[in-house]
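# Structure at a glance
This is what each chain is made of:
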Amino acid sequence: MPEGENATPAANEAAEAPPEEGESVAPASTVDAPPAEVTAETPVVAPAEPVAAPEGQEEKAPEAEIPDAVEEVKQEETPLPKEPAEEVTEGNEEDEDADEEEEDVFGALSVFTSEVFGTLGSPAEPLPPDEKKPQGLAVNGQDPANTMRLLQDLLTYDDEEPDITYGLGPLDLNGRVSVVSHLLAALVTTLDPQHLRRLATRVMSDSCLWISRLFRYFDSNVYIHEDIREGVVRVCRMLLHTRYPKYSTEGYGALYARPPVIYTSSTVRPGLPQHIAGMLGLGSGCVRVVPCNTIVGSPVAMDTAALDRMLAEDVAAQKKPLLVIANAGGGAVSGVDNVGRIQELCNSYEAWLHVEGHALAALTLPNAPNLPAKVGDSMTLPLSLWLGVPSIPHVTLYRACEASAVHAAGLTALNLHVRLVSLPLWCTLQVLGQSGVVARFQHAFELSHALQQHLASLPRIRLLSPTPPGGGAAISIHDLVNKPVGTVQLLETVSGAVVFQYVDENNTGGKNPEYYDNLNSWLGQVVRRDVGIIPLELVQLETAGLVLRWSPIEGPETHHITMAHVDLFIHSLHHQLDILNATVKQRKTFTELVASASNLQLVDIPGWAGLGGVRYLPDLLMTQDPLSESGKEDINSLNIHLVQLLKASDSAFSLGEGSDRMNCVRFGMVTAETDLSELLSLVINTGKDIETSSKFLDQMTDIVQKGIEAATEDLRRENEERLWQEGILRHVPIVGSVYNWFSPPPPPGIKGRTLDLTAGVLESTENIYRYHMQIRHGTAPTRAETKLPPAPSVQTPVTPSASSPSHSRSSSTTSALSPGSAHSRQASDQPTTDLKTNPSLTANGITASVQG
């Protein structure tokens, strides 16, 4: 690479970096050294001189000595000169075979990967639990096919959710290039170590040059890493070596006199400052969180006045401001701090400014490649997230410092033992090109800009993401590309995410009530169902409640989303907002109507976004306070039956559960044309019908129970009377048979008892067995019925008790005895039994007989 490139000092320093302590680096002339000794966190070393030929390749001297040997053989006239030639031929054939094997590595790998991917991609049933449970390492290993089959099962199925089948996401051309480059990044580690160093230097140098020019961050170094937090951690370690000259020798003792302090915005990625302090062993006490603006400025931006006070306080307390982490479009609401003012404060107090956030992607938009972007001293770029390409490493750009501090912080080290980490980034940038990268960023910002402008005009929609200066009408994304715009204005104009929520019409700020959180949850789910291509998120914010968030610059599908999808999203949002407005308005009427109904109770349903819930209470249980457990069970059963009947007429009704863990009728979202009084009348009338039906069933159950008890008592008494009348001798074994032979017993008169459910009368059965007919009670006899048999000898009225449990107050009526009844007893003389011990009777007009 030619000298004088401003974007490649990191690669040059990597080439000249000395090995760290404990690392072994092979000499430049050694090419057959094992890779494990030269690749573990080894700086890239570029050879300054041509490499001498290795000793292993210089041992081809026998080929040059063969002619001399042949001449000596000729002088001695010994016919043996062909054997060395044959050996040379065999040796050449072996070398050719080895070259063919080396050349066929990609072919063999292609065949193997096609077999593996074919196995993983073919559908298969889940493995038995015994085959996929964790096991110890096999002694003799396993067949690769079995391993891939187990991997396929783990990718497709989950033991916690066995009914769900999982699949890999789709990949476009750039995604496939990135995935294949990971395979190549591991494959190139089998190269000759010296050649691998040269390859790593070239790939790293190209990546550094392209990234620094794309983001117009000239005179900077580049660190490529996999953990997004690792870049700022190593930058902070570099600062410790720079600001504390004795840190490399005295360690943490050098920090005692003036301990370092890290300042962070409250809107940056959660846990980042604490992670930095923990990785460097500084402790959480060195981290100070700067609040956001409360009076002047954006409420999601850092309060620069508070930062100024904190810096002054720490300097006065003999502390050293080390690092300030600012936000530029990151976090949940994509707040943008005043980077220009923060940079001035950092310069005054000799602190380092590190910037993170989605708005940094806008640095690539201006069509001014030679205009440097002045944004802090370092920045972290999650390119994989922004480009929508999987598995691209993160990049941290930082201002050049002392070479010794850079090396001590490990910012120039490359781990070539496992894989070439920068190769996927290098391949992806090659395929996309500068225009491809800029086009993806510009498209994402245009989508968010269009949606945010429309949401700002909707009533009862509160935007939490910062709006551009002037409401976004002054500068468009197209102007950012074609007109010269300052860096601060550029970061404040673009929007990394659109965050909004549905609020009350009288809302003046602050956190939403819980009911409005339910409404926003419903809104997000319904809109996401209508427009599934837009990945709308539901995020809970401590200061605002539940909000809806979409970040076009996040996710792999953004470049497939068009303005037509945004228009469809807006159309769906308008339709659902009409429903929300109608539901909120009708909810007040709903509450008033429920309060005026005697048998309805308003129920609070946690997490429900509709009108609410009502519970039907029967008359008997309305005055009970508190309700007994049996009363609660009766109310739950009645409301379950009520919902089942209501669903048959209108599917809008559903069964819910209130905060008191009792069932209720749930009302969902409504429109402005919905007649609530009609819906509630339907609930009340249906509940009354169920209550009446329940009263009848309870009465019939009590009648059957009492009839069985009365019949059992009558038959027991009659059997005892017959025993005494006939004498005991007739019932003595053997003796009774002889006695009955001499004196036959009289024929039995009464066979048993029959219960008429309609009349509630228990009668003897002699007429049924004699005349094979039954007499209906409760009606006046006709002329044809005057010749019917006489009334049974025993007729006992059976009436339900006044305390019989039911869903309403039960009024029992006593059935009158039929004319001519000779033997009768009052039902009040019979014991009562709890209804729950016997099954309920659902038939009407059925006669139950009890035989003796």
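All values reported here derive from a predicted model rather than from experimental measurement.

Reading the values: the criteria
- Residues numbered from 1 in each chain as written.
- Predicted model: local features only at pLDDT ≥ 70, side-chain atom pairs only at ≥ 80, totals over all residues.
- Heavy atoms only, no water.
- Buried < 20%, exposed > 50% of the residue type's maximum accessible area, 1.4 Å probe, protein only.
- Helix = DSSP H or I, 4+ residues; strand = E, 2+ residues; numbered from the N terminus.
- Pairing = 2+ DSSP bridges.
- Salt bridge = Lys/Arg side-chain N within 4 Å of Asp/Glu carboxyl O.
- Disulfide = S-S within 2.5 Å.
- Contact = heavy atoms within 4.5 Å.
- Polar contact = N/O pair within 3.5 Å; in protein donor to acceptor, adjacent residues only side chain to side chain.
- Expected span 1.5 Å × (residues − 1).
- Patch = residues over 30% accessible without salt bridge, like charges linked within 9 Å, V, L, I, M, F, W, Y side chains within 5 Å.
- Areas by Shrake-Rupley, 256 points an atom, 1.4 Å probe, with all protein chains shown as cover.
- Axes fitted to C-alpha atoms, helices over the stretch in contact; angles between N-to-C directions.

### Re the pairing of strand β5 (residues 320-330)
One face of the sheet, then the other: side chains in a regular strand alternate in exactly this way. Extensive coverage of β5 is indicated by the burial of 11 of its 11 residues. As defined by bridge partners, strand β3 (residues 260-265) adjoins β5 across five bridges and the pair is classed as parallel. Bridge pairing in β5 places Ile262 opposite Leu323. Bridge analysis of β5 against strand β7 (residues 352-356) gives five bridges, and the strand direction is parallel. The partner of Val324 across the bridge, within β7, is Leu353. Count of turn residues in the β5/strand β6 (residues 335-336) antiparallel hairpin: four residues, of which Gly331 carries a positive phi of about 80 degrees.

### Some points on the pattern of salt bridges
Per the stated rule, a full pass over the model turns up 20 salt bridges. Here Glu356 ties to Arg269 by a salt bridge, and the two come within 3.0 Å at their closest N and O atoms. Separated by 87 residues along the polypeptide, Glu356 in strand β7 and Arg269 in the loop between β3 and α12 (272-280) bring together distant segments of the chain. We classify Glu356 as buried; its relative accessible area is 8%. The class of Arg269 is partly exposed, set by a relative accessible area of 26%. With its nearest N and O atoms 2.9 Å apart, the salt bridge here joins Glu537 to Arg549. Here Arg549 lies in strand β14 (residues 545-550) and Glu537 lies in strand β13 (residues 537-541), a separation of 12 residues in the sequence. The network of salt bridges with common partners includes Lys132, Asp153 and Asp159.

### Some remarks on the state of the cysteines
Counting across every chain of the model gives zero disulfides. Summary of cysteine pairing: Cys286 is not part of a disulfide, and the nearest cysteine sulfur, belonging to Cys236, is at 7.7 Å. Residue class for Cys286 comes out buried when judged on its relative accessible area of 7%.

### So, the environment of Asn599
One can find Asn599 in the loop between α21 (563-596) and β15 (600-603). Sequence spacing of Asn599 and Val614 is 15 residues, and the spatial spacing of their C-alpha atoms is 9.7 Å. Here Asn599 is in contact with Arg615, Tyr616, Leu617, Pro618, Asp619, Met622 and Lys688, once residues within four sequence places are set aside. One polar contact links Asn599 to Ser598, side chain to side chain, over a distance of 3.1 Å.

### Concerning helix α23 (residues 629-649)
Over its 21 residues, α23 extends 31 Å from the first C-alpha to the last, a length consistent with the 30 Å expected when each residue adds 1.5 Å. Within the span of α23, buried status applies to Gly631, Ile635, Asn636, Leu638, Asn639, Leu642, Val643 and Leu646.

### So, a nonpolar patch on the surface
A grouping of Val105, Phe106, Val180 and Leu184 is seen on the molecular surface, where their side chains present a nonpolar patch of about 340 Å² in accessible area. Secondary-structure elements contributing two or more residues to the nonpolar patch are α5 (105-121) and α8 (173-187). Note that Leu184 resides in helix α8.

### Some details on the environment of Trp608
Within the element layout of this structure, Trp608 appears in the loop between β15 and β16 (612-616). When the C-alpha atoms of Trp608 and Gly668 are compared, they prove to be 8.2 Å apart, with 60 residues separating the residues in sequence. If sequence neighbours within four positions are ignored, Trp608 has contacts with Tyr515, Asn518, Arg666, Phe667 and Gly668.

### Observations concerning unusual backbone geometry
Positive phi, close to 60 degrees, is recorded for Ser334, a residue that is not glycine. Structurally, the position occupied by Ser334 is in the loop between β5 and β6. In the Ramachandran plot, Ser391 falls in the positive-phi region, its phi being about 65 degrees despite a non-glycine side chain. When its relative accessible area of 43% is taken as the criterion, Ser391 is described as partly exposed.

### Quick word on the sheet that holds β14
The sheet built from four strands is open, its strands ordered β11-β12-β14-β13 with antiparallel pairing. With one partner strand each, in any of the chains shown, β11 (461-463) and β13 form the two edges of the open sheet. Neighbour-to-neighbour, the strand axes of this sheet turn through a mean angle of 35 degrees, independent of strand direction. For β11 and strand β12 (residues 498-502), the ladder comprises three bridges, and the chain directions are antiparallel. Its bridge partner lying in β12, Ile461 is registered against Tyr502. Sheet strands touched by helix α20 (residues 514-530): β12, β13 and β14. Its angle to β14, the strand with the most contacts, is close to 25 degrees.

### Comments concerning the side chain of Glu356
In this structure the side chain of Glu356 is engaged in a polar contact, spanning 3.3 Å, whose partner is the side chain of His354. Those residues in contact with Glu356, other than ones at most four positions away along the chain, are Arg269, Leu272, Ala326, Asn327, Ala328 and Thr380.

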